[in-house]
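Results of the structural survey
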Amino acid sequence: MSVKKIAVLTSGGDAPGMNAAIRSVVRTCAYHNIEVVGVYRGYQGMIEGDFEEMNARSVRDIINRGGTILKSARSKDFKTPEGRKAAYEKLKAAGVDSLVVIGGDGSFTGALLFNKEFGFPVMGIPGTIDNDIYGTDFTLGYDTALNTVIEAIDKIRDTASSHNRLFFIEVMGRDAGHIALNSGVGAGAEEILIPEENIGLKKLLESLEKSRRTGKTSSLVVVAEGDKIGKNVFELKEYVEQHHPDYDVRVSVLGHMQRGGAPSCFDRVLASRMGVKAVESLLEGKSNYMVGIRNNKMELTPLEKAIKGSSKIDTELLRVAEIMAT
């Protein structure tokens with residue numbers, strides 16, 4: 001079947017670079033003389049037929065913007081057969097015959113199910129700051145989030161050193177510690193706590209005590225939100241205060257600021273490459289794949305494999321972190 005009209009949507013949590021990916025999809029369609037529509041509010045908008053015809057001029061001046069101009073939303077309706085059928089009928093009524101989904105695991109799961117039920121061609125672009133999707137070295141938004149975190153930690157270090165304080169800084173990463181590990185090394189943290197490595201409370205205290213004995217008057221501990229040591233970062237603070245009341249402990253939760261901001265040059269270029277690869281793969285008759293970058297080359301990974309696989313933490317970087325904390 002020849003592709004005549006492609007729909008593009010963003011789903012799940014927003015990530016810097018999503019707009020650059022939308023721009024790339026739209027302009028690649030224009031280059032190949034393929035019609036394209038933007039779907040507002042993810043799968044919910046697909047069910048409701050919230051579409052807008054787009055062209056090369058529709059996406060001007062968005063490559064530098066964070067968030068997503070197409071908006072994003074969770075859709076309970078799309079989890080039902082009736083909801084997916086309604087979405088399929090809306091796409092067919094609009095003459096759409098292929099779909100590009102920019103999002104994460106949950107978004108890809110929906111796309112895969114949609115394809116299985118209706119044979120509708122789909123292609124995924126990984127957009128999530130956590131960098132936790134199998135099949136790509138980098139996801140859209142990850143590099144920008146790292147730069148945002150580093151900038152914030154650098155400012156926190158200024159006040160930590162001024163007041164001889166210990167700061168626990170919580171960063172995003174419910175299931176993966178990529179942001180915590182890389183930003184911790186980049187910011188010179190004394191300890192990095194991630195879900196993949198449960199160092200335990202005892203070792204944490206030993207590490208902090210060692211830092212104090214070697215002359216460090218202030219300390220930064222970067223904590224991934226999914227770290228398993230305590231129930232949350234505030235529990236860690238209380239534990240340290242109980243066992244070392246001489247510590248002046250503070251907590252800083254960076255939260256959703258990590259999702260915002262203008263995408264870095266790396267994310268803008270990556271999004272542009274991914275958008276071209278996604279559209280041209282559909283034009284080649286491919287479906288049910290996620291576009292990824294491996295060793296600086298664009299590659300396709302089956303959606304099912306991308307969903308079921310898991311990204312690996314960099315063990316070499318873990319060792320570097322340990323050495324740098326000396």
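Preceding block: the structure.
Everything in this summary refers to the structure shown in the same document.

Cut-off values and rules
Residues numbered from 1 in each chain as written. Predicted model: local features only at pLDDT ≥ 70, side-chain atom pairs only at ≥ 80, totals over all residues. Heavy atoms only, no water. Helix = DSSP H or I, 4+ residues; strand = E, 2+ residues; numbered from the N terminus. Rg over C-alpha atoms; globule rule 2.2 N^0.38 Å. Buried < 20%, exposed > 50% of the residue type's maximum accessible area, 1.4 Å probe, protein only. Contact = heavy atoms within 4.5 Å. Lys, Arg positive; Asp, Glu negative; His and termini not counted. Charge placed at Lys NZ, Arg CZ, Asp CG, Glu CD. Phe/Tyr/Trp six-rings, centres within 6.5 Å; stacked < 30°, edge-to-face > 60°. Lys NZ or Arg CZ within 6 Å of the ring centre and 35° of its normal. Pairing = 2+ DSSP bridges. Axes fitted to C-alpha atoms, helices over the stretch in contact; angles between N-to-C directions. 1 Å grid on protein atoms, 1.4 Å probe; cavity = no way out; pocket = protein on both sides within 12 Å on 5 of 7 lines; lining within 4 Å. Points joined across faces, edges and corners; volume = space filled by probe spheres on them. Nonpolar A, V, L, I, M, F, W, Y, C, P; charged D, E, K, R; others polar. Core = buried A, V, L, I, M, F, W, Y, C linked by side-chain atoms within 4.5 Å.

This brings us to the overall build of the chain. Within the chain, the secondary structure is distributed over eleven helices and eleven strands. For a compact globule of 326 residues, the expected C-alpha radius of gyration is about 20 Å, and the chain comes in at 22 Å, within 12% of that figure. With respect to the three principal axes, the spread of C-alpha positions in the chain is 70 × 35 × 30 Å. Counting every position in the chain, which comprises 326 residues, the buried fraction comes to 51%. A sequence separation of at least 24 residues applies to 75% of the contacts in the chain between residues at least 6 apart. Considering the chain, the positive charge centre built from 42 side chains and the negative charge centre built from 43 side chains are found 3 Å apart.

For any pair of aromatic rings, the description consists of the separation of the ring centres together with the inter-plane angle of the planes. Under the definition given, this model contains nine aromatic pairs. An angle of 40 degrees between the planes, with centres 5.8 Å apart, marks the rings of Phe 78 and Phe 114 as tilted. Taken together, the residues Phe 78 in the loop between strand E3 (51-54) and helix H3 (81-93) and Phe 114 in helix H4 (residues 105-118) connect sequence positions 36 residues apart. Residue class for Phe 114 comes out buried when judged on its relative accessible area of 0%. For the ring pair Phe 114 and Phe 120, a centre distance of 5.5 Å and an interplane angle of 55 degrees mean the geometry is tilted. Each member of the pair, Phe 114 as well as Phe 120, carries the same accessibility label: buried. Among the aromatic residues, those joined into a cluster by ring pairs are Tyr 43, Phe 78, Tyr 88, Phe 114, Phe 118 and Phe 120. Over the face of the ring belonging to Tyr 134 we find Arg 294, whose NZ or CZ atom lies 5.1 Å from the ring centre.

Bringing the sheet that holds strand E4 (residues 98-103) into the picture now. Pairing in this open sheet of seven strands is mixed, and the strands run E3-E2-E1-E4-E5-E10-E11 from one edge to the other. The open sheet is flanked by E3 and strand E11 (297-302), the only strands paired with a single partner. The mean inter-strand angle of the sheet, taken between neighbouring strand axes irrespective of direction, is 30 degrees. Pairing analysis gives six bridges linking strand E10 (residues 289-294) to E11, with the strands arranged antiparallel. From the neighbouring strand, Ile 293 faces E11, where its bridge partner is Met 298.

As a further point, take the environment of Phe 51. As for its placement among the helices and strands, Phe 51 is situated in strand E3. Leaving out residues up to four positions away in the same chain, Phe 51 has contacts with Val 37, Gly 38, Val 39, Gly 45, Met 46, Lys 90, Leu 91 and Ala 94.

Right, let's get into the layout of surface pockets. Space inside the largest pocket adds up to approximately 830 Å³. Lining the largest pocket are 30 residues, with Gly 12, Gly 13, Arg 74, Gly 106 and Ser 107 sitting closest to its centre. Counting residues per element, the lining of the largest pocket draws most heavily on H4, which supplies six residues. A class-by-class count of the residues in the lining of the largest pocket yields seven nonpolar, twelve polar and eleven charged.

Where burial is concerned, most of strand E2 (residues 35-39) is hidden: four out of the five residues are buried. Pairing of strand E1 (residues 5-10) with E2 involves five bridges; the strand directions are parallel. Its bridge partner being in E2, Val 8 is matched across the sheet by Gly 38. Inspection of the sheet shows E2 paired to E3 by four bridges, in the antiparallel sense. Within E3, the residue paired with Val 37 across the bridge is Glu 53.

Moving residue by residue along a regular strand, the side chains alternate between the two faces of the sheet. Extensive coverage of strand E6 (residues 166-171) is indicated by the burial of six of its six residues. Side chains of E6 alternate between two faces, with Leu 166, Phe 168 and Glu 170 and Phe 167, Ile 169 and Val 171 buried alike. Across six bridges, E6 lies against strand E8 (residues 219-224) in parallel orientation. The partner of Phe 168 across the bridge, within E8, is Val 221. Of the strand pairs in this sheet, E6 and strand E9 (residues 249-253) are connected by five bridges, and their pairing is parallel. Among the inter-strand pairings, Phe 167 is bridged to a residue of E9, identified as Arg 250.

One recurring pattern in soluble globular proteins: nonpolar side chains tend to sit buried together. Ile 6, Ile 22, Met 54, Val 100, Ile 102 and Ile 125 are the most contacted members of the largest nonpolar core, which totals 31 residues. Counting residues per element, this core draws most heavily on helix H1 (residues 18-31), which supplies seven residues. Residues Ala 145, Leu 146, Ile 169 and Met 172 belong to the second largest nonpolar core, which totals 28 residues.

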